[in-house]
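The lines below spell out each chain.
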Amino acid sequence: MSDVSLSDDEDVPDLVDGIRQIVSCPVTLITGHLGAGKTTLLNYILTEQHGKRIAVILNEFGEGSTMEKSLSVGHNGKLYEEWLELRNGCLCCSVKDNGVKAIENLMEKRGNFDYILIETTGLADPGPLISMFWLDEELCSSVFLDGVITLFDAKNGPNTLKNETESHAGLVNTSIRQIALGDVILLNKCDVVTPAELETARAVIREVNLSAQIVETSYSKVPLDSILNLGAYARVNEDRIRRLTDEFTTLNVTGPHLDKSVGTVTIQLGLVEKSAVEKLMEKILWNNELKNSNGDTAEVFRAKGLLKINEGYLMLQAVYQTFSIGPISPEENSESVLVFIGRNLEKDCILRLLAEC
Ligand SMILES: Nc1nc2c(ncn2[C@@H]2O[C@H](COP(=O)(O)OP(=O)(O)OP(=O)(O)O)[C@@H](O)[C@H]2O)c(=O)[nH]1
């Protein structure tokens, strides 16, 4: 079931000459394992962003009716109800276009939102929802994916991950995917951990994802500008590019190695050819041609990169099987950087495959 709450109930706030003006609205996905603090974060954002129009969608698994009833929190003590029309069960199981369309319909009816926050269940892989909201800019949708925030409980997270890893031997568990796909990871419940526990939790995250920003929080209290308006999937984002090129300094992290097969590989290159990187991504994402030195097939959950080409710069973004390479114009004179997060990844094997392309 997908619940939608609206944080405000103004009537037709954006009618101009009787025509609803739809402005593209950022979608933030909030994910993380059970009990990590996702709902606490939602409530915190609603309180802090008093006066903004925020749609909150709780994406829970469930047998589908054709129309999903919504209800719940709102703020200022008011309760708002809305309907999100989906053709089947829950948002992440809808066909891509239906899920986005349902939200666009809601905006047509209720006006624009400042933010749309989607909380996934602790048991969900956020991948399908990312694919749903990461749309071609050319489609001119009224929503766009702004970023993925992953909550991780500093106290219980490492054990949750360990138990999941042991009980899903051979499979990459959901908690690891949630960490891998996070643009910002809130290391939450810092109020109840020792410095050693905090260090362990940090290392567990870094084992999987070297590229996300980690913010330590208690009761999910975080400066909102570090989680909203991230532009993590935007083509032009100087801050992201700078962070990508800074990532080399954080390499060689050692930690408890819960799942040795999952990790981040960062590659720095000089000039590259767009067609070669395109071919590389097709071989990796679509044809399963990337293997590690044992011959095991690699799986990329997330990739990003800055590509220096003769004519300027391009940005690479990928989530599971979808990737895009589009032009950008960084201020600085950077080299090419590629970051891959996934399973069975080895730098030399990626470089060899790239050379073939
Ligand atoms: N001590 C402490 N407790 C916290 C913190 N953040 C959240 N909690 C508590 O942890 C419990 C779970 O928090 P929720 O926000 O419901 O977690 P969730 O991720 O939404 O949980 P699920 O919906 O079950 O996946 C609640 O009792 C919160 O009050 C924190 O930073 N410190």
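Criteria and cut-off values
Residues numbered from 1 in each chain as written. Predicted model: local features only at pLDDT ≥ 70, side-chain atom pairs only at ≥ 80, totals over all residues. Heavy atoms only, no water. Helix = DSSP H or I, 4+ residues; strand = E, 2+ residues; numbered from the N terminus. Buried < 20%, exposed > 50% of the residue type's maximum accessible area, 1.4 Å probe, protein only. Contact = heavy atoms within 4.5 Å. Areas by Shrake-Rupley, 256 points an atom, 1.4 Å probe, with all protein chains shown as cover. Near = heavy atom within 4 Å. Polar contact = N/O pair within 3.5 Å; in protein donor to acceptor, adjacent residues only side chain to side chain. Phe/Tyr/Trp six-rings, centres within 6.5 Å; stacked < 30°, edge-to-face > 60°. Pairing = 2+ DSSP bridges. Axes fitted to C-alpha atoms, helices over the stretch in contact; angles between N-to-C directions.

## Structural notes on the overall build of the protein chain
Within the protein chain one finds 9 helices and 16 strands. Per-residue burial for the protein chain yields a buried fraction of 56% across its 357 residues. A fraction of 80% describes how many contacts in the protein chain between residues 6 or more apart in sequence connect residues 24 or more apart. Carbon together with sulfur atoms contributes 49% to the accessible area of the protein chain, which is approximately 15600 Å² in total.

## Focus on the site of the ligand
The immediate surroundings of the ligand are formed by 15 residues, with Lys38, Thr39, Thr40, Asp191 and Tyr219 found nearest. Contact between the ligand and Asn188: a nitrogen atom at 3.1 Å from a side-chain N or O atom of the residue. Looking at which element gives the most residues to the shell around the ligand, the answer is helix α1 (residues 38-48), with 3 residues.

## Observations regarding the packing of aromatic side chains
Here the structure, examined in full by the defined rule, presents 3 aromatic pairs. Geometrically, the ring pair formed by Phe301 and Tyr320 is edge-to-face, given 6.1 Å between the ring centres and 85° between the ring planes. Within this pair, whereas Phe301 is found in strand β13 (residues 299-309), its partner Tyr320 is found in the loop between β14 (312-319) and β15 (322-328), the two being separated by 19 residues in sequence. The exposure class of Phe301 is buried, given its relative accessible area of 0%.

## Notes on the sheet that holds strand β16 (residues 336-343)
Read from one edge of the open sheet, 5 strands run β12-β16-β13-β14-β15, paired in antiparallel fashion. Lying at the two open borders of the sheet, with one neighbouring strand each, are β12 (262-269) and β15. Across the sheet, the mean angle separating the axes of adjacent strands is 10° when strand polarity is ignored. The sheet contact formed by β13 and β14 spans 8 bridges and is antiparallel. Counted as the bridge partner of Lys308 is Tyr313 from β14. Running over the sheet, helix α8 (residues 274-286) touches β13, β14, β15 and β16 and is turned about 165° from β15. Running over the sheet, helix α9 (residues 347-356) touches β12 and β16 and is turned about 50° from β12.

## Some thoughts on unusual backbone geometry
Within the chain, Ser220 stands out as a residue other than glycine whose phi angle is a positive 55°. With respect to the secondary-structure elements, Ser220 resides in the loop between β11 (213-216) and α7 (238-246). Residues other than glycine seldom take positive phi values, yet Asn344 does so here, at roughly 55°. Here Asn344 lies in the loop between β16 and α9.

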